[in-house]
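Each chain, written out:
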Amino acid sequence: MDLEARSLQPNVKAVLLAKLREYKSDLNNLKSEHKRLASANSNQAARDDLLESGMADAMLVSANQRGRLMMSTERLNESSDRIKESRRTMLETEELGVSILQDLHQQRQSLLHANDTVFLLLKVPYRLHLLTGKFEGKDERKRLMRKGGRKNK
């Protein structure tokens, strides 16, 4: 029974182990009472009674200590599990953060490339002027510069 009770869930286990200790205590009390009644010699019975009550107390204390130790061990195991779960969550969060930073870097590179392209396109009319000697795109260039390269809709 003891092994079965220890393998159950913590909330059920604690209740069953307490009952088991109580039953063991009752069994010890009944054993001592049986010995006392079975003994023909009253002095021997009194001596046995004294010895059994001392042993029962020692067994009860030992059982209580064992129960407290089991509960402490269970709490320690639960805390360890929570720490492991927190560590796993932390690592997942770190991986997600690295992924987000990589995406942001790629977006930044795309924006810088687009900015360079717009800048080069705005210089085209001026370069044509240098090649042909006339500058027809001056007004268009000024309009584009004021609007930041956006087209009218």
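Residues numbered from 1 in each chain as written. Predicted model: local features only at pLDDT ≥ 70, side-chain atom pairs only at ≥ 80, totals over all residues. Heavy atoms only, no water.

### Here we look at the overall build of the protein
Reasoning step 1: Regarding its fold elements, the protein presents 4 helices and 0 strands.
Reasoning step 2: For the protein, the succession of helices and strands along the chain, N to C, is α-α-α-α.
Reasoning step 3: Residues counted as buried form 9% of the 153 residues belonging to the protein.
Reasoning step 4: A total of about 13200 Å² of accessible surface is found on the protein, and carbon and sulfur atoms cover 58% of it. (Helix = DSSP H or I, 4+ residues; strand = E, 2+ residues; numbered from the N terminus. Buried < 20%, exposed > 50% of the residue type's maximum accessible area, 1.4 Å probe, protein only. Areas by Shrake-Rupley, 256 points an atom, 1.4 Å probe, with all protein chains shown as cover.)

### Points about the environment of Lys24
Reasoning step 1: As for its placement among the helices and strands, Lys24 is situated in helix α2 (residues 10–38).
Reasoning step 2: The exposure class of Lys24 is partly exposed, given its relative accessible area of 39%.
Reasoning step 3: Taking C-alpha positions, Lys24 is 8.6 Å from Leu60, a pair spaced 36 residues apart along the chain.

### Overview of the environment of Ala18
Reasoning step 1: Residue position: Ala18 is located in helix α2.
Reasoning step 2: Overall, the relative accessible area of 36% leaves Ala18 in the partly exposed class.
Reasoning step 3: Here the alpha-carbon distance between Ala18 and Ala63, two residues 45 residues apart in the chain, equals 9.7 Å.

### Brief notes about a nonpolar patch on the surface
Reasoning step 1: Together, Leu96, Ile100, Leu101 and Leu104 make up an exposed nonpolar region whose accessible area comes to about 400 Å².
Reasoning step 2: Counting through the fold element by element, Leu96 comes out in helix α3 (residues 42–132).
Reasoning step 3: What makes Leu96 exposed here is its relative accessible area of 52%. (Patch = residues over 30% accessible without salt bridge, like charges linked within 9 Å, V, L, I, M, F, W, Y side chains within 5 Å. Salt bridge = Lys/Arg side-chain N within 4 Å of Asp/Glu carboxyl O.)

### Some words on the side chain of Ser32
Reasoning step 1: Looking at the element boundaries, Ser32 is found in helix α2.
Reasoning step 2: Within the local environment of Ser32, its side chain forms a polar contact with the backbone oxygen of Asn29, the two atoms lying 2.8 Å apart. (Polar contact = N/O pair within 3.5 Å; in protein donor to acceptor, adjacent residues only side chain to side chain.)

### As for the pattern of salt bridges
Reasoning step 1: One pass over the structure, following the stated rule, counts 2 salt bridges.
Reasoning step 2: In the salt-bridge network here, residues are joined through shared partners; they are Glu85, Arg88 and Glu92.

### A look at the confidence of the model for the protein
Reasoning step 1: When pLDDT is averaged along the protein, the result is 77, and 63% of the positions lie at 70 or above.
Reasoning step 2: Averaged pLDDT values for the elements of the protein fall to 61 in helix α4 (residues 138–147) and rise to 82 in α3. (pLDDT = per-residue confidence, 0-100.)

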